[in-house]
Amino acid sequence: MQPRDEAPVTLARQEWSTEPEIVTRRYVDHYGNPCLRAVLPAGRSVLRYDALALVPDSTEDVDLDAPELSPEQLPDDVLLYTLPSRYCLPDVLGDVAWREFGNHPPGYRRVQAIIDHLHERVTFRYGSSTATTTAADVYEAGFGVCRDFAHLAITFCRALNIPARYVFGYLPDMDVPPDPAPMDFAAWMEVWLGDRWWTFDPRNNAARKGRILIGRGRDASDVAMATTFGAPRLESMVVWADEEAP
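Here the structure is a predicted model, which is why all the values come from computation and not from measurement. (Residues numbered from 1 in each chain as written. Predicted model: local features only at pLDDT ≥ 70, side-chain atom pairs only at ≥ 80, totals over all residues. Heavy atoms only, no water.)

S.K.: Any chance you could explain the packing of aromatic side chains here in plain terms?
M.R.: To describe a pair of aromatic rings, one takes the distance between the centres and the angle between the planes. Within the structure shown, the criterion is met by eleven aromatic pairs. Aromatic side chains W16 and Y49 sit 5.0 Å apart centroid to centroid with 55° between the ring planes, which places their arrangement in the tilted category. Of this pair, W16 sits in strand β1 (residues 10–19) while Y49 sits in strand β4 (residues 46–54), and the two are 33 residues apart along the sequence. Between Y81 and W197, the aromatic rings sit 5.5 Å apart at their centres with planes inclined by 90°, giving edge-to-face as the arrangement. Of this pair, Y81 sits in the loop between β4 and α1 (90–101) while W197 sits in strand β9 (residues 196–200), placing them 116 residues apart in sequence. We classify Y81 as buried; its relative accessible area is 7%. Put simply, the rings of Y81, W192 and W197 pair up and form one aromatic cluster. The cationic tip of R121 hangs over the ring face of Y139; the distance from NZ or CZ to the ring centre is 3.8 Å. The ring centre of W188 lies 4.9 Å from the NZ or CZ of R211, which sits over that ring. (Phe/Tyr/Trp six-rings, centres within 6.5 Å; stacked < 30°, edge-to-face > 60°. Helix = DSSP H or I, 4+ residues; strand = E, 2+ residues; numbered from the N terminus. Buried < 20%, exposed > 50% of the residue type's maximum accessible area, 1.4 Å probe, protein only. Lys NZ or Arg CZ within 6 Å of the ring centre and 35° of its normal.)

As structure tokens, this is what we get:
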């Protein structure tokens, strides 16, 4: 739940609270994501996180001419994001990726072509996937939630030797029509083009203002909101990310 305190987002304040009071321990994982460990007592527990984040008054960068790099040109620490992972299966969908996008001019425009294609082909539907749903399952079914859109787009990019990684965080309704559905965490992706990572949003297919990143990884298995040991039951979850009036 806790955002990464890094540019272009600044955390002006943040607060954790638990009921009952629980001993917690913080650490940073392999991908640089802030994590919290806790042992829940028997009975009902309530965990709450609240923060004020300062975000740029602009959407993320777009550069239609950003180039792809060949595998031998990629930085060593980026190569990881060309490989298969738990939910992203470039080895399974490689033929599909090359058939659909192999003839597109390489670079930013080819990644955008992948996003456009998935945005038209896959329908957003709550409850249409489970914790075991892979990118191949989503491609076959044609339905998914935001994490499924991201997993499928990442899979196609990796099949084309384009490094791509999974991102999840908060996406408030800033300068867009309010979404009447209950707010939830959002998932998108970052793609390595040229000498940096670029943000793409397969679910919304639009540059947006106010993204607040919580975690990055190979796919959702690396940045699950919660990993539990034992059998706790989630009774309810409320997510809010609202623009505060100046």
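After presenting the structure, the write-up continues.
S.K.: Help me understand the UniProt feature "domain: Transglutaminase-like" (unreviewed entry) in the protein chain, please; the structure alone is not making it clear to me.
M.R.: In this structure's numbering, the residues bearing the UniProt feature "domain: Transglutaminase-like" (unreviewed entry) are residues 138–204. Across residues 138–204, helical content stands at 27% and strand content at 33%; the span's end C-alpha atoms are separated by 17 Å. (UniProt positions renumbered as here; feature names shortened; annotations may be inferred.)

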